[in-house]
Amino acid sequence: MHKDINTLFECLWNNYLEVTPSAKKVHQLLASSEQGDDIINDHVAFRTFNIGKVGLDKLAAHFLALGYEEKGEYHFEAKKLYAKHFEHPDDTQPKVFISELLVEKCSPALQALVHKMVEQVDAGAVSADDFLYSGTHWQVSHSDYEALLAESEYAAWMAAYGYRANHFTVSVNHLSNFETLESVNQALKDAGFTLNTSGGEIKGSPEVCLEQSSTMADKAEVSFTDGKVAIPSCFYEFARRYPLADGKLYTGFVAASADKIFESTNAKVQCNA
Ligand code: OOG
Ligand code: NI
């Protein structure tokens, strides 16, 4: 477990940049100055399987040890996912969203592949400092990846990328040069980024106190047992939060919107190069 939040997020960020080169360009585009002081990270997200050794709670333990607290929970029936979000009492710290695939609800073939992967994870590695940016702990072939992809984009992404932040999120509320999410999206499109249009470019609304958009994932080369293939890696999200009746900004997530954000790592649409 890490001893301090800043070090953990710095490691997560560097690991994310390795497969998400466009994140630097996003900062250049949205920041009001070279230092990028107005780029504030709203949250990061992690994925896993609901298998004891590597379940959601095992990932969450890293954040609970740093003072984070469990807040909301979310269900995604069609995608067979369950998620929780975590917040730190110091509300300047990023929020954390962790989901897990409900493996037992998937086909026997998928279950067998996933169990074979998870068996290769050393239980000790899961509580090690670097677990949340340790990538994969297993070997998969490209054909196994394709088989997973046919049933669950989420499972396929996990097989290829494993444990790492799958996105960082620009807090639109903190940007000096932009007020609305529409204007952020327009700047991204003008700069050539492909946005996730599933459920519309903007997911959510002021009524649910949260508007979100995201880029489609970059592509990175993954080493499968039978060769290297470029596949969707990680993406960047943009979130604008609205105040609740008490005047404080909403800090939760919105399941209907999250359901669409998951699709930012889908391969069917064109990805950012
Ligand atoms: C997480 C998708 C949900 C949000 O902000 O609603 C999400 C993922 O793609 O793993 O990030
Ligand atoms: Ni997100």
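Read on for an overview of the structure.

Rules of the game
- Residues numbered from 1 in each chain as written.
- Chains lettered and ligands numbered in written order.
- Predicted model: local features only at pLDDT ≥ 70, side-chain atom pairs only at ≥ 80, totals over all residues.
- Heavy atoms only, no water.
- Helix = DSSP H or I, 4+ residues; strand = E, 2+ residues; numbered from the N terminus.
- Buried < 20%, exposed > 50% of the residue type's maximum accessible area, 1.4 Å probe, protein only.
- Near = heavy atom within 4 Å.
- Polar contact = N/O pair within 3.5 Å; in protein donor to acceptor, adjacent residues only side chain to side chain.
- Areas by Shrake-Rupley, 256 points an atom, 1.4 Å probe, with all protein chains shown as cover.
- Phe/Tyr/Trp six-rings, centres within 6.5 Å; stacked < 30°, edge-to-face > 60°.

## Some words on unusual backbone geometry
Backbone geometry follows two general trends: most residues other than glycine have a negative phi, and most peptide bonds adopt the trans configuration.
Okay, so step 1: The backbone phi angle of K80 is positive, close to 60°, even though this residue is not glycine.
Okay, so step 2: Within the secondary structure, K80 sits in the loop between β2 (69-76) and β3 (81-87).
Okay, so step 3: Using a relative accessible area of 29% as the deciding quantity, one classes K80 as partly exposed.
Okay, so step 4: Here C209, not a glycine, exhibits a phi torsion of approximately 65°, which is positive.
Okay, so step 5: Here C209 lies in the loop between β6 (203-205) and β7 (210-214).

## A look at the site of ligand 1
Okay, so step 1: Taken together, the neighbourhood of ligand 1 is formed by H43, R47, F97, N166, H167, Q212, F235, E237, F253, A258, I261 and F262.
Okay, so step 2: In this structure, an oxygen atom belonging to ligand 1 sits 3.0 Å away from a side-chain N or O atom of H43.
Okay, so step 3: Between ligand 1 and the protein, one listed contact pairs an oxygen atom with a side-chain N or O atom of E237 at 3.0 Å.
Okay, so step 4: Considered on its own, ligand 1 offers 320 Å² of accessible surface; in the complex 100% of this is hidden by protein.
Okay, so step 5: Listing elements by their share of the shell around ligand 1, those giving two or more residues are β1 (43-49), β10 (235-241) and α9 (255-261).

## With respect to the packing of aromatic side chains
Okay, so step 1: Taken as a whole, this structure holds 20 aromatic pairs when the rule is applied.
Okay, so step 2: With 6.2 Å between their ring centres and 50° between their planes, F9 and F63 make a pair best called tilted. In this pair, F9 sits in helix α1 (residues 5-19) while F63 sits in helix α3 (residues 56-64), placing the two residues 54 residues apart along the sequence.
Okay, so step 3: Taking the relative accessible area as the measure of exposure, F9 reaches 9% and is therefore buried.

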